[in-house]
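Read off the chains here:
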Amino acid sequence: MSNITLPPVKLPYKTVKGSLQIRQDKSSQLVNKFYREIKGRFKNGEISLKEIQKCIDELLPNNINVIVKNLVQDVEDPDLLGYSALNYNSSSKINAITLELLTTENKIRLRDLPSLIHEFTHIIDQLYNPKILARCQYMTEKDLYVKDYDNLYESFIYNLEEPECNKEKLFILKRLEQVFKGFLKKLDPKDKINYLQDSRYCTMLEINGYHSQRKFAKQLAKQHVNIDEEDLLNENKNYMFSEKLELLNKLLKDIINKERAKQKANINRIERKKLNNKNNAVQP
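Treat the numbers as computed from the prediction; the structure is a model and nothing was measured.

1. Points about the pattern of salt bridges
Move 1: As enumerated under the stated definition, the model contains 12 salt bridges in all.
Move 2: Across the salt bridge formed by E243 and K169, the nearest N and O atoms sit 3.3 Å from each other. Taken together, the residues span a long stretch of sequence, with E243 in helix α10 (residues 241-282) and K169 in helix α7 (residues 166-184) at a distance of 74 residues.
Move 3: Of the charged contacts, one joins E177 and K181 as a salt bridge, the two residues approaching to 3.1 Å between their closest N and O atoms. One end of the pair is E177 and the other is K181, both in helix α7 and 4 residues apart, which spans about a single turn.
Move 4: On the basis of relative accessible area, K181 is assigned to the partly exposed category, the value being 46%.
Move 5: A single salt-bridge network, built from bridges that share partners, covers E37, R41, E51 and E58.

If you want it as structure tokens, here you go:
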């Protein structure tokens, strides 16, 4: 099955071409534009889902399918205000991205705008980095999103750490390394790379999402909006996302280098065998 993403989640090549930094700059510019556009549409400190949908539709190309909908409150996480997710068709192809928001009478408050920006950042980052969506699509098709992996990610990567010293940081990273290596131990190299890449991408998305959330929360606070104190926290520091991303990069590099060394050794072995056969053939 082809792993090409569908038009509803695909920006034009000329839009997404270039280095990671170029694409990240474009994504940030669009998030900044969305903030300016959406903030002016709040009336009496509120905005409807319908108006949020309209604003997003105006910013994105007509073919892109982002669906704004009401979030059913999570009993396990009652403080969750927003969520974005990939929607799949019957062929395991992504055909939309949903943006789900906890509302009151289908409206959100201005003080909840940072959470909306956080989720919108995720969506735009994914659109500007098509490899992320392609990886999710492939892993869904191959049933790689297993419970053990979900638990690993939620318990050891997207986990609030709040380390008090470098010693605690080192312990947290060592624990993550051991758990991840244990999870990958019996997998073939291709799946090892898929899981590490997926974790890297998810971590990168959270780094950018929390950066945007805090950035615009600070702007709103300066404008005397009664912002939730949680939105002003440096969650990238509290979750240690940057340090965890660095570790995931290292684990991925180690596996790739190991596989390349195996391939090189195999090629050298084949070449030596050919040379030996040739030498034996010319002997009198």
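2. What about the packing of aromatic side chains?
Move 1: According to the stated counting rule, one finds 14 aromatic pairs in the structure shown.
Move 2: Site record: aromatic cluster; members linked through ring pairs are Y145, Y149, F180, F183 and Y195.

3. A closer look at the side chain of E235
Move 1: By secondary structure assignment, the location of E235 is in helix α9 (residues 235-239).
Move 2: Buried within the structure, E235 lacks any salt-bridge partner; R214 is the closest side chain of opposite charge, at an N-O distance of 8.6 Å.
Move 3: Setting aside its immediate chain neighbours within four residues, E235 contacts L160, Y210, E230, M240 and F241.

4. Notes on the environment of K244
Move 1: Within the fold, K244 resides in helix α10.
Move 2: Sequence separation between K244 and I172 is 72 residues; the distance between their C-alpha atoms is 9.1 Å.
Move 3: Those residues in contact with K244, other than ones at most four positions away along the chain, are F156, I157, N159, E161, I172, L173, L176 and Y239.
Move 4: Here the side chain of K244 touches I157 through a polar contact of 2.8 Å, landing on its backbone oxygen.

5. Some remarks on the packing of helix α6 (residues 147-157) against helix α8 (residues 189-222)
Move 1: For the pair α6 and α8, interaxial distance at closest approach is 12 Å and the crossing angle is 40°. With respect to their mutual orientation, α6 and α8 come out oblique. As for how α6 packs across α8, the hand of that crossing is right-handed. Residues Y149, Y153 and I157 of α6 form the contact with α8, whose own contacting residues are Y195, D198, S199, C202, T203 and E206.
Move 2: Partitioning the contact of α6 with α8 into residue classes produces 5 nonpolar, 2 polar and 2 charged.

Thresholds, definitions, all that
- Residues numbered from 1 in each chain as written.
- Predicted model: local features only at pLDDT ≥ 70, side-chain atom pairs only at ≥ 80, totals over all residues.
- Heavy atoms only, no water.
- Salt bridge = Lys/Arg side-chain N within 4 Å of Asp/Glu carboxyl O.
- Helix = DSSP H or I, 4+ residues; strand = E, 2+ residues; numbered from the N terminus.
- Buried < 20%, exposed > 50% of the residue type's maximum accessible area, 1.4 Å probe, protein only.
- Phe/Tyr/Trp six-rings, centres within 6.5 Å; stacked < 30°, edge-to-face > 60°.
- Lys, Arg positive; Asp, Glu negative; His and termini not counted.
- Contact = heavy atoms within 4.5 Å.
- Polar contact = N/O pair within 3.5 Å; in protein donor to acceptor, adjacent residues only side chain to side chain.
- Axes fitted to C-alpha atoms, helices over the stretch in contact; angles between N-to-C directions.
- Parallel < 35°, antiparallel > 145°, perpendicular 65-115°, else oblique.
- Left-handed = near helix turned anticlockwise from the far one by under 90°.
- Nonpolar A, V, L, I, M, F, W, Y, C, P; charged D, E, K, R; others polar.

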